[in-house]
Amino acid sequence: MQYFLIIVVIAFVLGLARAMRMSGKSVALIEKYEGDFENPALVEEIYAAVSADFFLSRIVKKYGATLEDFRKLNAKLMIWGDFRKYNRYVPITSFFNRTTLEYLLAHKNDDARALTEKMMNHFHI
């Protein structure tokens, strides 16, 4: 029983550290590209960060997503979600969360407004 508790605590701490690391990357990109969110390098950095993460890269592989898919999704999210609320910016933050990334890739052909509203609802914006 004692080993089980130790394993659960370690899993929790590692999960929390991963969440903080991904949140930090998201916020760093928001701050780096503040005022220049149209920069093509932003999407390349998002794609690189997502592809480097164990969990997010599995979602990318599952849907066979490419850099071009990320560009199109980012462009759709920019139409209706081009504003910052605290440390959240829908066109960036949406790619760094497992559930929102999965939804975006599964519905990449949906209307821009519907995608953005779904992301805003997820982040309580």
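Quick note: structure is the one above.
Residues numbered from 1 in each chain as written. Predicted model: local features only at pLDDT ≥ 70, side-chain atom pairs only at ≥ 80, totals over all residues. Heavy atoms only, no water.

Got a minute to help me understand the nonpolar core in this structure?
Where a protein is soluble and globular, its nonpolar side chains tend to be buried together. If you look at the biggest cluster of nonpolar residues, it comprises 29 residues, and the most contacted ones within it are Ile46, Phe70, Ile92, Phe95 and Leu101. At the level of secondary structure, the elements contributing two or more residues to this core comprise helix H1 (2-32), helix H2 (40-52), helix H3 (54-63), helix H4 (67-81), helix H5 (90-93), helix H6 (98-106) and helix H7 (112-122). Top contributing element to this core by residue count: H2, with 5 residues. When neighbours within four sequence positions are excluded, isoleucine 92 is seen to be in contact with Ser26, Leu29, Ile30, Phe37, Leu42 and Ile46. (Core = buried A, V, L, I, M, F, W, Y, C linked by side-chain atoms within 4.5 Å. Buried < 20%, exposed > 50% of the residue type's maximum accessible area, 1.4 Å probe, protein only. Helix = DSSP H or I, 4+ residues; strand = E, 2+ residues; numbered from the N terminus. Contact = heavy atoms within 4.5 Å.)

Looking at this model, I keep getting lost on the environment of tyrosine 86. Mind explaining?
Locating tyrosine 86 in the fold gives a position in the loop between strand E1 (84-85) and strand E2 (88-89). You can call tyrosine 86 exposed: its relative accessible area is 70%. Spatially, the C-alpha atoms of tyrosine 86 and valine 27 are 9.6 Å apart, while their sequence positions differ by 59 residues.

Would you mind going over H2 with me for this structure?
Each α-helix winds once per 3.6 residues, and so residues spaced three or four apart point in a common direction. For H2, spanning 13 residues, the distance from its first C-alpha to its last is 19 Å, which sits close to the expected 18 Å at 1.5 Å a residue. When we look at burial in H2, the residues that qualify are Leu42, Val43, Ile46, Ala49 and Val50. Here the buried residues of H2 occupy an arc of 130° about the axis, which is enough to place them on one side. (Expected span 1.5 Å × (residues − 1). Arc of directions from axis to C-beta.)

Where do I start with H6 in this structure?
Among all positions in H6, only Thr100, Leu101, Leu104 and Leu105 are buried. Along the axis of H6, the buried positions cluster into a sector of 130°, meaning they face one direction only.

Explanation requested: the packing of H3 against H6 in the structure shown.
Packed helices, taken two at a time, are described by their axes: the angle between them and the distance between them. For the pair H3 and H6, interaxial distance at closest approach is 10 Å and the crossing angle is 10°. In terms of orientation, H3 and H6 fall into the roughly parallel class. Relative to H6, H3 is oriented so that their crossing is right-handed. Counting all contacts with H3, which are made through Phe55, Leu56, Ile59, Val60, Lys62 and Tyr63, the residues of H6 involved are Arg98, Leu101, Glu102, Leu105 and Ala106. (Axes fitted to C-alpha atoms, helices over the stretch in contact; angles between N-to-C directions. Parallel < 35°, antiparallel > 145°, perpendicular 65-115°, else oblique. Left-handed = near helix turned anticlockwise from the far one by under 90°.)

Would you mind going over the pattern of salt bridges with me for this structure?
Where charged atoms of side chains with opposite charge meet at close range, the side chains can pair. Using the criterion set out here, one finds 8 salt bridges in the structure. Its salt-bridge partner being lysine 62, residue glutamate 102 comes within 2.7 Å of it at the nearest N-O pair. Of this pair, glutamate 102 sits in helix H6 while lysine 62 is found in helix H3, placing the two residues 40 residues apart along the sequence. The salt bridge involving lysine 108 is made with aspartate 69; its shortest N-O contact spans 3.4 Å. Of this pair, lysine 108 sits in the loop between H6 and H7 while aspartate 69 sits in helix H4; the two residues are 39 residues apart in sequence, bridging distant segments of the chain. Ionic contacts of the salt-bridge type, sharing partners, join the residues Arg18, Arg21 and Asp53 into one network. (Salt bridge = Lys/Arg side-chain N within 4 Å of Asp/Glu carboxyl O.)

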